[in-house]
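The residues making up each chain are set out below.
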Amino acid sequence: MIKKNLALLLLLGSIYTLSAQEYDKVNGIWNATFLDFPLSDKLSLRTELHFRTISYFNVWNQQIFRPQLSYKASKYVSWRGGYSYLKNFDQDVTADPRVRTEHNIWEQVQVSVPLKKSSFSTWIRLEHRFQEERPLQRDKSLRSFDFSSRLRFRLTYQKTLSKPDAKVLWNFVAYDEIFTIMNPNGIPYKFNQNWTFLGFRFKFSEQLSLVSGFQKNNILKSANNYLKNRLWNTILFYKF
């Protein structure tokens, strides 16, 4: 009897927890271009340009400019560091001001593990973020920024699907990325968001490749309130 009551309490508790969480849903399109400029065998510059919308192409969501420096420490280990400038748009197109600006500086380490006809890779990125404080001010002279840090962890799996002599090489790609907010002592303590991606990578030449697929983001907006973004994500890579 006690076990039955305990099971019933656990079931009711889980139902209450799920019902207490509210989800807002949007659909989006993310397009980006990554431009690589080799400086030496181990050193290169990359510039990322991101253009993100919701309601498909109808409403701006985010614009990102992200220059960075990459160092290839070995065949399977690389380091990156750079700066990001972000324009985050309010979903309400009538909001005034509508754009919340963010500047961040970040460092990242990536490790790859090759397998037979497939590979795993993982990277950890630490972001130091300066975001405009709310409520946003129309007068730019009155705007101020708060500081926080965020840790991002991504695990990626790729599997080769094409024959080695194919004109266009293509892989299946899947990754999951977790974002956590860090406290002032530098310890991750709060879930921020999760990205899950399934798609394909097409290599047209040594200079040009394309990754495209479906992505679902779950983003914590406030206590028990989440934004669920279903989107199509496409990135063009070009190496000079």
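Here the structure is a predicted model, which is why all the values come from computation and not from measurement.

### Structural notes on the pairing of strand β3 (residues 59-72)
Inference 1: Relative to β3, strand β2 (residues 43-54) runs antiparallel, the two being bridged by twelve bridges. Bridge pairing in β3 links Leu43 to Tyr71.
Inference 2: With antiparallel pairing between neighbouring strands as the criterion, β2 and β3 make up a hairpin whose turn holds four residues, including Ser55 at a positive phi of roughly 50°.
Inference 3: With nine bridges joining them, β3 and strand β4 (residues 77-89) adopt antiparallel strand pairing. Bridge assignment links Phe65 to a residue of β4, and that residue is Tyr85.
Inference 4: Counted along the chain from β3 to the antiparallel partner β4, the turn is four residues long.

### Quick look at a nonpolar patch on the surface
Inference 1: On the surface, a nonpolar cluster with roughly 550 Å² of combined accessible area is contributed by Val111, Val113, Leu115, Phe120, Ile124, Phe153 and Leu155.
Inference 2: Top element by residues in the nonpolar patch is strand β5 (residues 99-115). It accounts for three residues.
Inference 3: With a relative accessible area of 39%, Ile124 lands in the partly exposed category.

### Notes on unusual backbone geometry
Inference 1: In this structure, the amide linkage connecting Asp96 to the following residue, Pro97, adopts the cis form with an omega of 0°.
Inference 2: Structurally, Pro97 can be placed in the loop between β4 and β5.
Inference 3: Geometrically, the link from Arg134 to Pro135 is a cis peptide bond, its omega value of -5° lying close to zero.

### Some thoughts on the pattern of salt bridges
Inference 1: Under the counting rule described, the total for this entry stands at ten salt bridges.
Inference 2: The partner of Glu206 in a salt bridge is Lys203, with the nearest N and O atoms 3.5 Å apart.
Inference 3: Residues participating in the shared-partner salt-bridge network are Glu127, Arg150, Arg152, Arg154 and Glu177.

### What to know about the sheet that holds strand β1 (residues 22-38)
Inference 1: On the basis of which strands lie adjacent, the closed barrel formed by eleven strands has the order β1-β2-β3-β4-β5-β6-β7-β8-β9-β10-β11 and mixed pairing. Taking each pair of neighbouring strands and ignoring which way they run, the sheet shows an average axis angle of 20°.
Inference 2: Judged from the 14 bridges that link them, strand β8 (residues 169-182) and strand β9 (residues 188-203) form a sheet pairing that is antiparallel. Counterpart to Tyr175 in the pairing with β9 is Phe197.

### Concerning the side chain of Gln193
Inference 1: Summarising the element assignment, Gln193 is placed in strand β9.
Inference 2: Reaching out from Gln193, the side chain makes a polar contact with the side chain of Asn192 at a distance of 3.1 Å.
Inference 3: When near neighbours in sequence (up to four residues on either side) are disregarded, Gln193 contacts Arg150, Glu177, Ile178, Phe179, Asn218 and Ile219.

### A word on the confidence of the model for the protein chain
Inference 1: Considering every residue of the protein chain, the mean pLDDT works out to 91; 91% of them sit at 70 or more.
Inference 2: Confidence drops under a pLDDT of 50 for residues 2-19, and excluding neighbours within four residues, the segment shows zero contacts in the predicted structure.

### Overview of the pairing of strand β7 (residues 145-160)
Inference 1: By the bridge criterion, 15 bridges tie strand β6 (residues 118-132) to β7 in an arrangement that is antiparallel. Paired with Phe120 across the strands is Tyr157, a residue of β7.
Inference 2: In terms of strand pairing, β7 meets β8 through twelve bridges, oriented antiparallel. Counted as the bridge partner of Arg150 is Ile181 from β8.

### Brief notes about the nonpolar core
Inference 1: Residues Ala32, Phe34, Val173, Tyr175, Phe197, Val211, Ile235 and Phe237 constitute the largest nonpolar core, which totals eight residues.
Inference 2: Those elements that place two or more of their residues in this core are β1, β8 and β11 (225-239).
Inference 3: With residues up to four places along the chain from it excluded, the contact list for Ile235 reads Ala32, Phe34, Ser209, Leu210 and Val211.
Inference 4: Grouped together as the second largest cluster of nonpolar side chains are five residues, Ile54, Val59, Ile219 and Leu227 included.

### Concerning the side chain of Thr234
Inference 1: Examined against the element boundaries, Thr234 turns out to sit in strand β11.
Inference 2: On the basis of relative accessible area, Thr234 is assigned to the buried category, the value being 17%.
Inference 3: At 2.9 Å, the side chain of Thr234 and the side chain of Ser212 are in polar contact.

### Topic: the environment of Asn225
Inference 1: Looking at the element boundaries, Asn225 is found in strand β11.
Inference 2: Taking the C-alpha atoms as reference points, Asn225 and Gln158, separated by 67 residues in sequence, lie 33 Å from one another.
Inference 3: Residue contacts for Asn225: discarding those within four places in its chain leaves Glu22, Asp24, Ile219 and Leu220.

Rules of the game
- Residues numbered from 1 in each chain as written.
- Predicted model: local features only at pLDDT ≥ 70, side-chain atom pairs only at ≥ 80, totals over all residues.
- Heavy atoms only, no water.
- Pairing = 2+ DSSP bridges.
- Helix = DSSP H or I, 4+ residues; strand = E, 2+ residues; numbered from the N terminus.
- Patch = residues over 30% accessible without salt bridge, like charges linked within 9 Å, V, L, I, M, F, W, Y side chains within 5 Å.
- Areas by Shrake-Rupley, 256 points an atom, 1.4 Å probe, with all protein chains shown as cover.
- Salt bridge = Lys/Arg side-chain N within 4 Å of Asp/Glu carboxyl O.
- Buried < 20%, exposed > 50% of the residue type's maximum accessible area, 1.4 Å probe, protein only.
- Axes fitted to C-alpha atoms, helices over the stretch in contact; angles between N-to-C directions.
- Polar contact = N/O pair within 3.5 Å; in protein donor to acceptor, adjacent residues only side chain to side chain.
- Contact = heavy atoms within 4.5 Å.
- pLDDT = per-residue confidence, 0-100.
- Core = buried A, V, L, I, M, F, W, Y, C linked by side-chain atoms within 4.5 Å.

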